[in-house]
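# Chain and residue survey
The residues making up each chain are set out below.
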Amino acid sequence: MSRVLISRVAAILPEKATGFIKGNLSSDLAKKVSSGIIWSFIGTIGSRLLIFLTYVAIARILKKQGFGELGMIRSTVDMFSTFAGLGLGVTATKFVSEFSIKDKIKAGRIIRMSYLISWVTGVVVAGLIFIYAEPLAAVSLKSKELIRDLQLGGLAILFYSVNGVQNGILLGLEKFKSISRINLIGGLINIPVAILLCWFFGVAGAVIALASNAVVICAIGFFEVRKAAKAYGINVNEAGFTKELNVLFSYSLPAVLSGGLVLPVNWFCNAFLVELPNGYQQLGIYNAALNIMLVVTVINGMIGQAFLPYVVKNLENTNKKFEMANNYLPWIVGIFISLPFMYVPELGNLLFGRDYAGEMLKSSIVLVMFTTVIVAHRQGIARNFTARGYMWWSLITNVVWGITALVSMEFLKHYGAIGRSGAYAIAYFLNTLVFIPFYTSRKLCEKDYVWSFESISIWLLILFSAALMIFTEIAIALRIFILLSVLGAIVFLLIRTFKRLTGQ
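The text that follows walks through the structure, step by step, so that each part is easy to find. (Residues numbered from 1 in each chain as written. Predicted model: local features only at pLDDT ≥ 70, side-chain atom pairs only at ≥ 80, totals over all residues. Heavy atoms only, no water.)

### Re the overall build of the protein chain
Filter applied, for reference: In this description a helix means any DSSP run of H or I spanning at least four residues, a strand means any run of E spanning at least two, and both kinds are numbered starting from the N terminus. Relative accessible area decides the class of each residue, using a 1.4 Å probe on protein chains only: under 20% of the type maximum gives buried, over 50% gives exposed, and in between gives partly exposed. Contacts are residue-level and defined by heavy atoms, with any inter-residue pair within 4.5 Å sufficient. Accessible areas in this description were obtained via Shrake-Rupley with a 1.4 Å probe; residue shielding takes into account the shown protein chains only.
When helices and strands are counted, the protein chain shows 19 helices and zero strands. The burial tally for the protein chain puts 57% of its 504 residues in the buried class. Sequence-distant contacts in the protein chain: of pairs separated by 6 or more residues, those separated by 24 or more amount to 84%. Put simply, the protein chain shows about 21,300 Å² of open surface, and 68% of that area lies on carbon and sulfur atoms.

### Observations regarding the nonpolar core
Considering soluble globular proteins, one finds that nonpolar side chains tend to be buried as a cluster. As a reminder of what qualifies: For our purposes a nonpolar core is just a set of buried Ala, Val, Leu, Ile, Met, Phe, Trp, Tyr and Cys residues, chained together by side-chain atoms within 4.5 Å.
In this structure, L339, Y343 and Y439 are the most contacted members of the largest nonpolar core, which totals 105 residues. In terms of residue count, helix 3 (residues 28–85) provides more of this core than any other element does, 14 residues in total. Excluding anything up to four places from it in sequence, L339 contacts S465, L483, V486, L487 and I490. In terms of nonpolar packing, the next biggest core, distinct from the first, is built from 39 residues, L158, I179, I234 and A255 among them.

### Here's the deal with helix 7 (residues 147–172)
Filter applied, for reference: Expected span of a helix, by definition, is 1.5 Å for each gap between consecutive residues, and there is one gap fewer than residues.
Between its first and last C-alpha atoms helix 7 spans 38 Å; for 26 residues at 1.5 Å apiece the expected length is 38 Å, and the two agree. Of all 26 residues that make up helix 7, 19 are buried, and the element is covered over most of its length. After helix 7 finishes, the residue E174 shows a positive phi value of roughly 60 degrees.

### Things to note about the side chain of R109
Assignment of secondary structure puts R109 in helix 5 (residues 104–131). Using a relative accessible area of 17% as the deciding quantity, one classes R109 as buried. Leaving out residues up to four positions away in the same chain, R109 has contacts with E238, A239, G240, F241, K243 and E244.

### Looking at the packing of aromatic side chains
Put simply, the test is: Classification of ring pairs uses Phe, Tyr and Trp, with its six-membered ring standing for Trp, and accepts pairs whose centres are within 6.5 Å; under 30 degrees between planes counts as stacked, over 60 as edge-to-face, and the remaining range as tilted.
The final tally for this structure, using the stated rule, is 14 aromatic pairs. Summarising the aromatic geometry, the rings of W119 and F159 are spaced 5.9 Å apart at their centres and angled 85 degrees between planes, so their arrangement reads as edge-to-face. Of this pair, W119 sits in helix 5 while F159 sits in helix 7, and the two are 40 residues apart along the sequence. For the ring pair F222 and F223, a centre distance of 5.3 Å and an interplane angle of 85 degrees mean the geometry is edge-to-face.

### Some points on the packing of helix 12 (residues 320–343) against helix 19 (residues 476–502)
The condition is simple: Simply put, an axis is a line fit to the C-alpha atoms, just over the touching stretch for a helix, and the angle between two N-to-C directions goes from 0 to 180 degrees. An angle below 35 degrees is read as roughly parallel, one above 145 as roughly antiparallel, one from 65 to 115 as roughly perpendicular, and any other as oblique. For this classification, the nonpolar set comprises Ala, Val, Leu, Ile, Met, Phe, Trp, Tyr, Cys and Pro, the charged set comprises Asp, Glu, Lys and Arg, and every other residue, Gly included, is treated as polar.
Following both chains from N to C, one finds helix 12 and helix 19 inclined at 170 degrees, their axes separated by 10 Å at the closest point. Judged by the angle between their axes, helix 12 and helix 19 are roughly antiparallel. Side by side, helix 12 and helix 19 meet where M324, Y328, I332, I335, F336, L339, P340 and Y343 of the first sit next to R479, I482, L483, V486, L487, I490, V491, L494, T497, F498, L501 and T502 of the second. Looking at side-chain class alone, the contact of helix 12 with helix 19 contains 17 nonpolar, two polar and one charged residues.

### Let's talk about the environment of S364
Mapping S364 onto the fold places it in helix 14 (residues 359–388). Judged by relative accessible area, which is 0%, S364 ranks as buried.

### A few points about a nonpolar patch on the surface
For clarity, the cut-off: Patch building starts from residues that exceed 30% relative accessible area and form no salt bridge, then joins like charges within 9 Å and nonpolar side chains (Val, Leu, Ile, Met, Phe, Trp, Tyr) within 5 Å. Counted as salt bridges are all cases of a side-chain nitrogen of Lys or Arg within 4 Å of a carboxyl oxygen of Asp or Glu.
On the surface, V120, V124, L128, F130, I131 and Y132 cluster together to form a nonpolar patch covering roughly 620 Å² of accessible area. By the secondary structure assignment, V124 is in helix 5. Residue classification places V124 among the partly exposed residues on the basis of a relative accessible area of 46%.

### Some thoughts on the side chain of T404
Assignment of secondary structure puts T404 in helix 15 (residues 391–412). A residue is classified by how much of its surface remains accessible, and T404, at 18% relative accessible area, is buried. With residues near it in sequence (within four places) discarded, T404 still touches I426, A427 and L430.

### Quick look at the pattern of salt bridges
With the rule as written, the count across this model stands at ten salt bridges. Close ionic contact of K362 with E359 constitutes a salt bridge, the shortest N to O distance being 3.3 Å. Pair noted here: K362 and E359 are both in helix 14, with a separation of three residues, about one helical turn. Through salt bridges that share partners, E346, E359, K362 and R479 make up one connected network.

What follows is the structure in structure tokens.
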């Protein structure tokens, strides 16, 4: 199925631009990766697109104030879910992928260890949220009305921590179809439930829907993991899992600290914003812009799911063409989705309604889309961090990012949603510049990916686009013309890069 689809896409593109694709369709690695991408597309894009539209509907129901409150609850749930998960999802992916064939007993032990610890930490963190919801809402969120919503969010935290492990196990076993099935069923059930609960119960209803969706996905995933493990001859209840506890300290601990740092930083940045007199309205505008970024995040997350198990296996027998796809594909997705929204931010007004319309939303969208391109550029590099076990270095890069984001937010918070979006962009931009030498010296990416004439030219075009939209007022017809010109130039530069690197 995936091979036929890729062949059809390749058939409508210039021959020189598709030499890489056509020349590698027959390879076993290409078949596996393309199959993973297609199944991830079916489940992830289908469910997340509907979820995106659901949140557009919820934004209209709750208005700016309510949507801002929901955004703060979601941010809190996400932050504590990360800590409850202890980085066990990515740990399971790496080690299950590595040992599913050559050491089934070890793979079984890691699966059992990951499961047990995720349940324990999930219960502990959810319990603490339930107990301390009142001071958390009153002091940190500046709203005692959110106490009940936080307590309901605790249930979502418990099951999200387990879901992360189950998803990681299925990725390690290359069961992309199972993940797609889980996402699609969960998304289809959640859409009407979320809208109805939000309509009748407001913010509380939206949080209940969040928790119920986590429970449904966890239940389906429970059976899918056992089915997949059985097909590999792996016992998910393998005895002696304590022998694998060293993995927690060498891999899981830096993974959870690295990944877990992002959400608290975002949470505190949001907390700075809600301190303003109209803070929750500003947060609602920022969350609206951030939901557009979700489109790119979902697509690149789908690509990442398909690539990560093979990035781990590619360490032993480096395939340069695969590595090129690992880096360039998510960046291309980020560019070609973000730039249209950057040049025509009025699309945000159409999506979220009059309550959000205005210069604040337009400028926020431009800045968030610029950040989206930067994040997309780092996706392949991040997978190499994970595969090579550089989790402590990943933590260091995120510490630098976090400090930059918090300092930037402190200076920019009075600009409201624009300041929040600007702090986000500054943090990612400076962090990427600082660590480029590390990326290239440790072979986390090729120098061509960051230092070539083509790469630098593409970045200059993106910077030009962001500056043009922030500092000037241009008629929409002229903006569309410039957009098409910029995209055409980027396509030319990408084709030139592929020809040079693949010898086509």
